[in-house]
Amino acid sequence: MTSAHTSTLNAAPNSSGFSSAFALTRRELVRITRQPSRLIASIATPLIIWLLLGSGFAESFRPPTPTPTLSTSLDTATDALGYGAYLLPGMLTMTVLFSSIFGAMSLIEDRHEGFLQSVLVSPAPRWSIAISKLLGSALIATVQAMIILPAVFLLGNAVGPLGLTLSSLALFCTALGIAGIGLAAAWWVDSSQGFHGVMNLVLLPMWLLSGSVFPLEGASGWMRVIMMANPVTWCTKALHASLGNPATDPALAWAVTILFACLGIALGWVTLGRGVRRF
Amino acid sequence: MHSSPEQHEHTAHAPILQVENLVRSYKGTRRTPARRAVDSLSLSIEEGEWVALLGPNGSGKSTLVRILATLDKPEQGRVLTSGHDLATKAQLAAYRRALGVVFQHAGLDKLMTVRENLAAQAALHGIRGTDAAHAIDRVAAMLTIADRLNDRVGTLSGGLARRCDLARALLPQPRLLILDEATTGLDHDARIAFLDQLAALRTADQSCPMTIIMTTHLMDEAERACRVLMLHEGHLVCEGSPQELRERVGATSIRCPASSTQAETIFREAGIPTTVRGRERIALAGPADQPNTIAELASKLALAGIAFQIAPPTLGDAYLEATGAALTQQNGDSP
């Protein structure tokens, strides 16, 4: 009876989750092209930091010799690795971290400006809203990092198409994970300023302790434990491995990276899909 | 599952929207106490009606609208649409397909063009391809925004952005349109133009007029409705057509400056209670007091050199009489 009745309530067609997700993802992509300052800043910042840190620490950086228990795939290239080459994957990680978190932050803007409400009262399934936010944020972050990626050729790395594809995949997975965490935080934090504060508190240490600036193998004690527990460490390792840099435990790194992406999707899904108070 | 003839009979005549014993509370904070925004509220809205929810800030209008717009859910009570509880997933989806909502803040992306915004809205309602293009052209023509479709929303004036937002809400041809303080931020002329357009759109299809629920604290907006529901502290205090509500007051209002203590004394001596609303002191002289009392009061006020105004009752007076509280003084609050 319900279906018979509901069809009389409105003759409008059923909303397809995929077309809703596509339209909302497209919106995220259109928005970034209309904000050139955001695009430029997200690419220029890691490039400048790479230049400054890479130049500053170039002489003092010595890639550590890994302990025998961790050493599974290191080769003689370790010694030849300069700090600029070591730092580049970390900069790519930084780009996706901050870009995807800013993408997630747009949820707060959408809520304040009323756009989110207009989407929530539509018949579009909730999962399509979550997926579009995750996909939009992750795609933008990955593309921004991929603009920096050709810098590997300047460093003389011989990275083939497979390496570039795997790097993009690692970046995309990292972006999905971070976007999911960002969406969950943005759902509960009411202001952009508050979100900035929370993200600086969490994201900056997360990046610094991810093996982006200094290797896990060189850390000791408590810092090493934290770094190993940090999923971004393994994402960065997967990136190192894809770009041909020496990296320990690449299989584990990839497993954690993919798991991190799944966690991000689940977080975004639960937050936007189930977090909405409704009948 | 087939429905019985009784059930068909029931749904055929059921109101498009029915609210039964709705309760919604907000937890207190260190600074604000816990409060019931909507308290045991019941109401019924018939298909094709234009209903105004009238009340000052904090009367529960926005909370009720959030529930009716499916953005929030009540702690107790239920919402029925055409006799069916919205608690079922299928009914909720059907309700959302039949629903258009205009919020206080336009639900448009300022970085996108009007056309892009409308296309996104069409996709959310499952309207695709040429159907979407036709739907956009239709609402653009209706709201005379066809020449602004390629402009970014951020570049539009407040009134025009409001019209575009209304176009967004009307795109899926809703049977029920909810407007939550939708004229906020508009100047007087833009507000009147918006309401005129809304009135014309409502009756565009004579065979099936759109049902409109509009929250407002402005009397001139509420005057446009078929029926006014007055809310006070989360309760529905009275309802009726604007004319019925004014007639129910059955009084003449006498207004003079609130600062005049002499006026207060004159009213007190005449045994007529007064209320201060903004800079005005308002006395409602009921039918029993008229016309001698009013003439007497007028002469006393004139002799005391106090400026005063005698006017027929307004919806604000009706609200005042029903609740003892005043609607907020606003630009639309004049008789």
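Here the structure is shown first, and the text comes after it.
Conventions used here
- Residues numbered from 1 in each chain as written.
- Chains lettered and ligands numbered in written order.
- Predicted model: local features only at pLDDT ≥ 70, side-chain atom pairs only at ≥ 80, totals over all residues.
- Heavy atoms only, no water.
- Salt bridge = Lys/Arg side-chain N within 4 Å of Asp/Glu carboxyl O.
- Helix = DSSP H or I, 4+ residues; strand = E, 2+ residues; numbered from the N terminus.
- Buried < 20%, exposed > 50% of the residue type's maximum accessible area, 1.4 Å probe, protein only.
- Contact = heavy atoms within 4.5 Å.
- Buried area = accessible area lost by both parts, 1.4 Å probe.
- Polar contact = N/O pair within 3.5 Å; in protein donor to acceptor, adjacent residues only side chain to side chain.
- Pairing = 2+ DSSP bridges.
- Axes fitted to C-alpha atoms, helices over the stretch in contact; angles between N-to-C directions.
- Patch = residues over 30% accessible without salt bridge, like charges linked within 9 Å, V, L, I, M, F, W, Y side chains within 5 Å.
- Areas by Shrake-Rupley, 256 points an atom, 1.4 Å probe, with all protein chains shown as cover.

A. Spotlight on the pattern of salt bridges. Enumeration over the complete set of coordinates arrives at 27 salt bridges over all chains. Note that B:Glu49 is salt-bridged to B:Arg227, the shortest N-O span being 2.7 Å. Pair noted here: B:Glu49 is in the loop between strand 2 (35–45) and strand 3 (50–54) and B:Arg227 is in strand 9 (residues 227–232), with a separation of 178 residues, a long-range link. There is no split in this pair, since B:Glu49 and B:Arg227 are both buried. Between B:Arg224 and B:Asp196 there is a salt bridge, with its nearest N and O atoms 2.7 Å apart. Residue B:Arg224 is located in the loop between helix 8 (219–222) and strand 9, and its partner B:Asp196 is located in helix 7 (residues 188–202); the two are separated by 28 residues in the primary sequence. A single network of salt bridges, built from pairs that share partners, joins A:Arg27, A:Glu28, A:Arg31, A:Glu109, A:Asp110, A:Lys133 and B:Asp109.

B. Quick look at the interface of chain A and chain B. Listed as interface residues are 37 residues of chain A and, on the opposing side, 54 residues of chain B. Buried area between chain A and chain B, both sides added, is near 4,100 Å², and the carbon and sulfur share of it is 60%. The interface formed by chain A and chain B contains 3 salt bridges. Applying the counting rule to chain A against chain B returns 5 residue pairs in polar contact (both at pLDDT 80 or more). Of all the secondary structure elements, the ones that give two or more residues to the side of chain A that touches chain B are helix 1 (2–9), helix 2 (17–33), helix 5 (83–113) and helix 6 (115–120) of chain A.

C. Broad picture of the sheet that holds strand 14 (residues 309–311) of chain B. Residues and elements named next belong to chain B. One open sheet accounts for 4 strands, arranged 12-13-11-14; its pairing is antiparallel. Each of the sheet's edge strands pairs with one partner strand only, and the pair in question is strand 12 (274–277) and strand 14. For this sheet, the mean angle separating the axes of adjacent strands, direction not counted, is 25 degrees. Of the pairings in the sheet, the one linking strand 11 (residues 252–257) to strand 13 (residues 280–285) comprises 6 bridges and is antiparallel in character. Within the sheet, the bridge partner assigned to proline 257 lies in strand 13 and is glutamate 280. Across the sheet, helix 12 (residues 315–323) is in contact with strand 11, strand 12 and strand 13; its angle to strand 13 comes to roughly 75 degrees.

D. Inspection of a nonpolar patch on the surface at higher detail. Residue and element names in this part refer to chain A. A cluster of nonpolar side chains, namely Leu29, Leu135 and Leu139, defines an oily patch on the protein surface of about 200 Å² accessible area. You can see leucine 135 is positioned in helix 7 (residues 126–148). Here leucine 135 falls in the partly exposed class, since its relative accessible area comes to 31%.

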